[in-house]
Each structure stands twice: as structure tokens, then as C-alpha cells.
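# Analysis of the macromolecular model
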Amino acid sequence: MTYAPSIDEETRVFESEMAKVPADPSNPSLAELKAIDVSAWFGDHKVLERVSLTMPAGKITSLIGPSGCGKSTFLRILNRMHELVPGASLAGEVMLDGEDIYDATVRITRARRDIGMVFQKPNPFPAMSIRENVLAGLRLTGTKASNDEKDYLVEHCLKLGGLWNEVKDRLDAPGGGLSGGQQQRLCIARSMAIRPRVLLMDEPCSALDPTSTRVIEETMRTLAEEVTIVIVTHNMQQALRVSDQCAFFLASQGTPGAIVEHGDTVAMFDNPQDPRTADYVNGRFG
């Protein structure tokens, strides 16, 4: 039986690994992320076949496709979370502005600082205040900051997360007391506090109501001014609304997942080049 981590397991492991990330006070620039011939296995089971995709700097790339086609596995590969799974392996390269994050000279903790993650299930630290949640990354990485710098960071990141106006008068309230949509935006703000160059989002709206989903989507567009975004979504209308480019993954008849088609999102929805893409985006399967 192939092992795959649960959402809670992924969150726990990722947070424990992030605690090892060294501080880096420099202000990163927007970064291009590029996968080259990426294949992946869980034990002897191959789940991805030679996936190549360029995710442009400062743009939102959506990964779409039916369940089980390898989208989330591909996303985890992009910041080296895949290698935390027992029996998991991969081949290929993941280039961050021309540097392979899997090169032996690149520390795994550095890769996970540069390429952040927002999970499907909101995971704020419930015992911490809203302010403490945002600043948690500084404490975990040992980054020193004055009170004025911390105040600026809290406000800036909560604004990026689209949450500042809702919580600015109760920053000492528990993060776990927020609504589901607010908790997810708090997690986005927390991720941005360590200044990633790329932000990965694994179905960040799947557990949220339509109103919260709309706010998160607006937040994504704001974030794209400061960070490259890659999002996995099963919501075709969401992919169309928020992403600049789209990649359609498909696995069929026991074959590994692969990209069928990728390109400008509007073009893929309005004039797909592969009939399987047309069938999927028009709801005929998946």
C-alpha cells in the first residue's frame, strides 16, 4: 500500500522543519521557478512522469486536474517536502532563478525559506495571539528585530493577507479565535513574514465559504506583486479568476500524472488545444 501523508502530518512536519531555517534579513526579489523533467515515486509506484513547467516571476500559476493526477505531489516537490515522505523519491530538477534547489550545495532549510507553503487546512498557532502568529517565523528563525520593525512587519504582512482592517484593534486576541477564512489569511500573513520568494498554496479555499474564498482570491492578486504564486485548485472558475497561466495535469488507466497542456489561463479555457483539456475545463469529467 502506497503511503501518502495526511494534511495534518504535512503541516506538523513542515512547521518543525521551518524551525530549523536560518535567518536571512535580505529583501528577496521576485523569482522564477522552473521544473525540468520531474518524475516522482512513492516506493515502486510512479506518480509523475517527466513534468516540465516554468512558473514566471510575479505571476500566479494554477495547477488543475482531477484528484489523483499528481498536482499536490508536484507542489510538494517544489519546496522539497516530497522527500519527507517515507519511501518517496524523484528525478529531475527544480530551478529557482537558475539554481537547482535539489543540488547538494543547497540546504533544505534555505529552500523552504525561499519557497513557502500555505496548506489546505488553516493552521494558525491557537495559543498565540494574532500578532505572535505573524511574528512566529522571526522567533523560529532567530531573526532579530526592533519593536518598530516588528510593528511594521505585523501591519505589512496582515495587509498583504487582507486581514489588517479586520484585526488591527485586537492584535492580542488569540489567532485560533478567528473565523476559518480569517485564519487562512493569518497563515498567509505568517508565511509572508519570512519573506519567501515563491508561495505555494494547496487548495487554500477548499474549506472556506464563498465570501471568504472571494477575499482570499483578492489577497492572491495583491500578493503577486511581492511573490511568485503557485496554486493547486479543483475550482475551475477560481483558476480562471486568479491565475495568469494554467497547467492541466492528468493521469489515466494507471499511468503516472503528466501535464497535458499549459499556457495562458484565458486562452486555455477559451481555446484549449487538447480535447481532454476542453472536456475538463467544461466539466465533462473530473
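None of the values given here were measured: they were computed from a predicted structure.

## A closer look at the overall build of the protein chain
- A count of helical and extended segments in the protein chain gives 11 helices and 10 strands.
- Within the span of the protein chain, comprising 286 residues, buried residues form 52% of the whole.
- Taking as baseline every contact in the protein chain between residues at least 6 positions apart, the subset at least 24 positions apart corresponds to 69%.
- With an accessible surface of roughly 12,700 Å², the protein chain has 48% of that area assigned to carbon and sulfur atoms.

## A closer look at the confidence of the model for the protein chain
- Taken as a whole, the protein chain shows an average pLDDT of 88; of its residues, 89% reach a score of 70 or greater.
- Of all the helices and strands in the protein chain, helix H1 (residues 7-18) carries the lowest mean pLDDT, 47, while strand E3 (residues 60-64) carries the highest, 98.
- Across residues 10-27 the pLDDT falls below 50, and counting only partners more than four positions away or on other chains, this stretch makes 39 contacts in the model.

## With respect to unusual backbone geometry
- Backbone geometry at Arg80 places phi at a positive 65 degrees, although glycine is not the residue there.
- Notably, Arg195 is not glycine yet its phi reads approximately 55 degrees, a positive angle.
- For Arg195, the position within the fold is in the loop between helix H7 (180-192) and strand E7 (198-202).

## A word on the environment of Arg185
- The topology assignment puts Arg185 in helix H7.
- According to the relative accessible area criterion, Arg185 is buried, its value standing at 5%.
- Here the alpha-carbon distance between Arg185 and Gly161, two residues 24 residues apart in the chain, equals 5.1 Å.
- When sequence neighbours within four positions are dropped, the list of residues in contact with Arg185 reads Gly161, Gly162, Leu163, Glu166, Val215, Ile216 and Thr219.

## A closer look at the packing of helix H5 (residues 147-160) against H7
- For the pair H5 and H7, the least separation of the axes is 8 Å and the interaxial angle reads 130 degrees. Looking at the two axes, H5 sits oblique to H7. As H5 runs across H7, the sense of the crossing is right-handed. Between H5, through Cys157, Leu158 and Leu160, and H7, the contact on the second element is made entirely by Leu186, Ala189 and Met192.
- Classifying every residue of the contact of H5 with H7 by side-chain character gives 6 nonpolar, no polar and no charged.

## Regarding H5
- The end-to-end C-alpha distance of H5, which contains 14 residues, comes to 20 Å, matching closely the 20 Å that a straight helix rising 1.5 Å per residue would cover.
- Along H5, the positions that sit buried rather than exposed are Leu153, Val154, Cys157, Leu158 and Leu160. One side of H5 holds all its buried residues, which, seen down the axis, span an arc of 150 degrees. Turned more than 90 degrees away from the buried face of H5, the exposed residues are Asp148 and Tyr152.
- Gly162 lies just past H5 and shows a positive phi near 65 degrees.

## Observations regarding the packing of aromatic side chains
- As enumerated under the stated definition, the model contains 3 aromatic pairs in all.
- On the numbers, 5.1 Å between centres and 20 degrees between planes, the contact of Phe248 with Tyr280 is stacked. Here Phe248, found in strand E9 (residues 245-250), pairs with Tyr280, found in helix H11 (residues 275-281); they are 32 residues apart in sequence, far enough to count as distant.
- Of the residues examined, Phe248 reaches a relative accessible area of 0% and is grouped as buried.
- For Tyr280, a relative accessible area of 4% gives the class buried.
- A cation sits over an aromatic face here: Arg190 above Phe125, 4.5 Å from the ring centre.

Reading the values: rules and limits
- Residues numbered from 1 in each chain as written.
- Predicted model: local features only at pLDDT ≥ 70, side-chain atom pairs only at ≥ 80, totals over all residues.
- Heavy atoms only, no water.
- Helix = DSSP H or I, 4+ residues; strand = E, 2+ residues; numbered from the N terminus.
- Buried < 20%, exposed > 50% of the residue type's maximum accessible area, 1.4 Å probe, protein only.
- Contact = heavy atoms within 4.5 Å.
- Areas by Shrake-Rupley, 256 points an atom, 1.4 Å probe, with all protein chains shown as cover.
- pLDDT = per-residue confidence, 0-100.
- Axes fitted to C-alpha atoms, helices over the stretch in contact; angles between N-to-C directions.
- Parallel < 35°, antiparallel > 145°, perpendicular 65-115°, else oblique.
- Left-handed = near helix turned anticlockwise from the far one by under 90°.
- Nonpolar A, V, L, I, M, F, W, Y, C, P; charged D, E, K, R; others polar.
- Expected span 1.5 Å × (residues − 1).
- Arc of directions from axis to C-beta.
- Phe/Tyr/Trp six-rings, centres within 6.5 Å; stacked < 30°, edge-to-face > 60°.
- Lys NZ or Arg CZ within 6 Å of the ring centre and 35° of its normal.

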